[in-house]
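# Topology and contacts: notes
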Amino acid sequence: ASPGLYVLTFYKLFGNVANRNFTDSYLSIIGGISALGVSFGCIIWSIVQNAIGIRLPFIIIAVIQGITLFAYNFIANSDVMFALATFIISCCLGGNLAVAPGACIKLFGSKCGTRVFAFLFSAYVIATIIGSILHYNYFLYDQLGFTPIYILFGIMSLASAGIISLLKEDTDSILSKAKRGRHQS
């Protein structure tokens, strides 16, 4: 979710830097489209999760997000493609926010899973705030620009898809396994 939050934090600055023809009103419309994308992503990915489980939607979200982030810097010269890519990344953010609570409950049990998700969600926000500070103050924004950040986020997204693919869909929660292990000893 951090790449999505980062894009939503900096889409306007990035749009101004990447394409000098984008007007402020156009970029404001992109903000509205992004909000719709997050909402749309929450709804669609919740439906998908209910239909096919947790693991596959997370993998699909991570792959779509990774590919879009790799392309984001290169398609920003087109009004339509910039809007579409920002919408897609927003849908992925919405998907992460919709699927993550269920995944936490599945992995950590109903009691602990909600607490784990609360910490996870807080980490998204904290990472975005720290990332923003680093981007402006320490990341040498004027020298590096956005490209290395989007490439890094794309790599992280695809790596996440690989890690998620290692999880088994039908696993019991980590806590229930630990409890069974204690009772068998």
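Report on the accompanying structure. (Residues numbered from 1 in each chain as written. Predicted model: local features only at pLDDT ≥ 70, side-chain atom pairs only at ≥ 80, totals over all residues. Heavy atoms only, no water.)

Looking now at the pattern of salt bridges. Side-chain pairs of opposite charge can arise whenever the charged atoms involved come near each other. One pass over the full model with this rule turns up one salt bridge. Its salt-bridge partner being lysine 12, residue aspartate 24 comes within 2.9 Å of it at the nearest N-O pair. Highlighted residues: aspartate 24 in helix 2 (residues 24-52) and lysine 12 in helix 1 (residues 2-18), separated in sequence by twelve residues. By relative accessible area, lysine 12 is classed as partly exposed at 27%. (Salt bridge = Lys/Arg side-chain N within 4 Å of Asp/Glu carboxyl O. Helix = DSSP H or I, 4+ residues; strand = E, 2+ residues; numbered from the N terminus. Buried < 20%, exposed > 50% of the residue type's maximum accessible area, 1.4 Å probe, protein only.)

Largest kink in helix 1: about 60°, centred on phenylalanine 10. Three or more residues of helix 1 are buried, namely Pro3, Gly4, Tyr6, Val7, Phe10, Tyr11, Phe14 and Gly15. (Bend = angle between axes of the 7 residues up to and from the residue.)

The interhelical angle for the contact between helix 1 and helix 6 (residues 147-165), taken along N-to-C directions, is 160°, at an axis separation of 12 Å. Judged by the inter-axis angle, helix 1 sits roughly antiparallel to helix 6. For the pair helix 1 and helix 6, the sense of crossing is left-handed. Across from Pro3, Tyr6, Val7 and Phe14 in helix 1, the residues of helix 6 making contact are Ile149, Tyr150, Phe153 and Ser157. A per-class count over the contact of helix 1 with helix 6 returns seven nonpolar, one polar and no charged. (Axes fitted to C-alpha atoms, helices over the stretch in contact; angles between N-to-C directions. Parallel < 35°, antiparallel > 145°, perpendicular 65-115°, else oblique. Left-handed = near helix turned anticlockwise from the far one by under 90°. Contact = heavy atoms within 4.5 Å. Nonpolar A, V, L, I, M, F, W, Y, C, P; charged D, E, K, R; others polar.)

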